[in-house]
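Letter by letter, the chains look like this.
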Amino acid sequence: MIEIIQEMDRNGNLKLLLKRGIISIKTVIYYEICLEVDKQQRTTRKPRLQIITEVAEQFKTSERAVYRALKLFSDENGHTDTNTGRGPAKVC
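None of the values given here were measured: they were computed from a predicted structure. Every chain's residues receive numbers from 1 upward, in the order its sequence appears when written. Only residues with pLDDT of at least 70 are given local features in this predicted model, and only at 80 or more are side-chain atom pairs given and counted; all residues enter the totals for whole chains, interfaces and linings. Excluding hydrogens and water, the side-chain figures rest on all heavy atoms present in the structure.

Chemist: What is the right way to read the nonpolar core from this model?
Modeler: One broad trend across soluble globular proteins is that nonpolar side chains are buried collectively. Leu14, Ile33, Val37, Val66 and Phe73 are the most contacted members of the largest nonpolar core, which totals 21 residues. Each helix is a run of H or I in the DSSP string that is no shorter than four residues. Each strand is a run of E no shorter than two, and both are numbered from the N terminus. Within the residue set of this core, elements represented by two or more residues are helix H1 (2–11), helix H2 (13–20), helix H3 (25–43), helix H4 (48–58) and helix H5 (63–72). What makes a nonpolar core is a set of buried Ala, Val, Leu, Ile, Met, Phe, Trp, Tyr and Cys residues whose side-chain atoms join them at distances within 4.5 Å. The classification of residues rests on relative accessible area computed with a 1.4 Å probe and restricted to protein chains. Under 20% of the type maximum is buried, over 50% is exposed, and intermediate values are partly exposed.

Chemist: Would you mind showing me how to read H1 here?
Modeler: Every α-helix carries 3.6 residues per turn, so stepping three or four residues along brings you back to the same face. Among all positions in H1, only Ile2, Ile5, Gln6 and Met8 are buried. Buried positions in H1, seen along its axis, are confined to an arc of 165° and lie on one side of it. Within H1, the exposed residues directed more than 90 degrees away from the buried face are Ile4 and Arg10. Two residues or fewer after H1 comes Gly12, characterised by a positive phi angle close to 85°. The arc in question is the one spanned by the directions pointing from the helix axis to the C-beta atoms.

Chemist: Looking at this structure, how should I read the pattern of salt bridges?
Modeler: If charged atoms from side chains of opposite charge come close, those side chains can pair. When a carboxyl oxygen of Asp or Glu lies within 4 Å of a side-chain nitrogen of Lys or Arg, that pair is called a salt bridge. Following the criterion strictly, the structure yields four salt bridges and no others. Note that Asp38 is salt-bridged to Arg42, the shortest N-O span being 2.8 Å. Here the residue Asp38 and the residue Arg42 both occupy positions in helix H3, the gap between them amounting to four residues, near one helical turn. Given the relative accessible area of 22%, Arg42 is considered partly exposed. Where Glu54 meets Lys46, a salt bridge forms, and the shortest distance between an N and an O atom there is 2.7 Å. Residue classification places Lys46 among the partly exposed positions, given a relative accessible area of 33%.

Chemist: Is there a simple way to think about the packing of H1 against H3 in this case?
Modeler: For any two helices packed against each other, one specifies the inter-axial angle together with the distance between the axes. Simply put, an axis is a line fit to the C-alpha atoms, just over the touching stretch for a helix, and the angle between two N-to-C directions goes from 0 to 180 degrees. Between H1 and H3, whose axes approach to 11 Å, the crossing angle comes to 105°. As far as their axial angle goes, H3 and H1 are roughly perpendicular. Across the interface between the two elements, Ile2, Ile5, Gln6 and Asp9 from H1 touch Thr27, Tyr31, Cys34 and Leu35 from H3. In this classification, Asp, Glu, Lys and Arg are treated as charged, Ala, Val, Leu, Ile, Met, Phe, Trp, Tyr, Cys and Pro as nonpolar, and every other residue, Gly included, as polar. The residue makeup of the contact of H1 with H3, split by class, is five nonpolar, two polar and one charged. Roughly parallel refers to an angle under 35 degrees, roughly antiparallel to one over 145, roughly perpendicular to one between 65 and 115, and oblique to any angle outside these ranges. We call two residues in contact whenever any of their non-hydrogen atoms come within 4.5 Å of each other.

Chemist: What is the right way to look at the environment of Cys34 in this model?
Modeler: Mapped onto the elements of the fold, Cys34 is located in helix H3. Residue contacts for Cys34: discarding those within four places in its chain leaves Ile2, Ala69, Leu70 and Phe73.

The values reported here are purely geometric and, on their own, carry no functional implication.
Structure below.
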């Protein structure tokens, strides 16, 4: 699912669908949360729990909401591919 959202983000359709009310703001926020968790996992050596806690604070939400976002955008194997060229990252 994250590949679809990324494609819509790249071509500008994500903002259009958000403005029209077809995609909820919650979906967009969850997408941004997943990208931030993935970015921190790739660039830092922090433990996963610390990353989740910091992202929750950054987005002013609960850790549970971060876990829900990661689950929403993960495949059946618990992987989220953010299409960064390094393959899927295990985030769930």
